[in-house]
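Each chain is listed here by its residues.
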Amino acid sequence: GYGGYRGQSTGGSSRGMIASDFARRLSNEIKSQWGVLLNIPKDGSLKTTVSFRMDEQGNVYDLKVEERSGNALFDDFCVKAIRKAAPLRTVVPP
């Protein structure tokens, strides 16, 4: 698949496991909005890092490309997938 998310290990604590599960579910929800891109390598060589905030209703705001892939079409595609997935159903952990 395309993209991914960055996380950090918290030594297996329950809080770290909750955060990891949240990131995985959120990533899957966004990936469900991805389509087929023509003329974009599908070998995983492109990586775009996008940051955003979300409220309790799953609305996305402060969307920002933090790290560009070098392919403007792919970067735009990643941002559009997040916007299309909103409002996100994945609940922010307490």
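In case you missed it, the structure is sitting above this.
Residues numbered from 1 in each chain as written. Predicted model: local features only at pLDDT ≥ 70, side-chain atom pairs only at ≥ 80, totals over all residues. Heavy atoms only, no water.

Engineer: Sorry, what's going on with the overall build of the chain here?
Structural biologist: Scanning the chain for helices and strands turns up two helices and two strands. Reading the secondary structure of the chain in the N-to-C direction produces α-β-β-α. Counting across all 94 residues of the chain, residues that qualify as buried make up 31%. For the chain, the exposed surface amounts to about 6600 Å²; the carbon and sulfur share of it is 51%. (Helix = DSSP H or I, 4+ residues; strand = E, 2+ residues; numbered from the N terminus. Buried < 20%, exposed > 50% of the residue type's maximum accessible area, 1.4 Å probe, protein only. Areas by Shrake-Rupley, 256 points an atom, 1.4 Å probe, with all protein chains shown as cover.)

Engineer: What is the right way to read the pattern of salt bridges from this model?
Structural biologist: Counting across every chain of the model gives four salt bridges. Ionic pairing is found between Asp21 and Arg24, a salt bridge with its closest N-O pair at 2.3 Å. A residue pair is termed a helical-turn pair when its members lie 3 or 4 positions apart in one helix, as Asp21 and Arg24 do in helix H1 (residues 14-31) at three residues. Under the relative-accessibility criterion, Arg24 is labelled partly exposed at 39%. Residues Asp75 and Arg68 are paired through a salt bridge, measuring 3.8 Å at the closest nitrogen-oxygen approach. Take Asp75: its relative accessible area is 4%, and that puts it in the buried class. In this structure Arg68 comes out as exposed when scored by relative accessible area, which is 60%. Each of Asp21, Arg24 and Arg25 takes part in one network of salt bridges that share partners. (Salt bridge = Lys/Arg side-chain N within 4 Å of Asp/Glu carboxyl O.)

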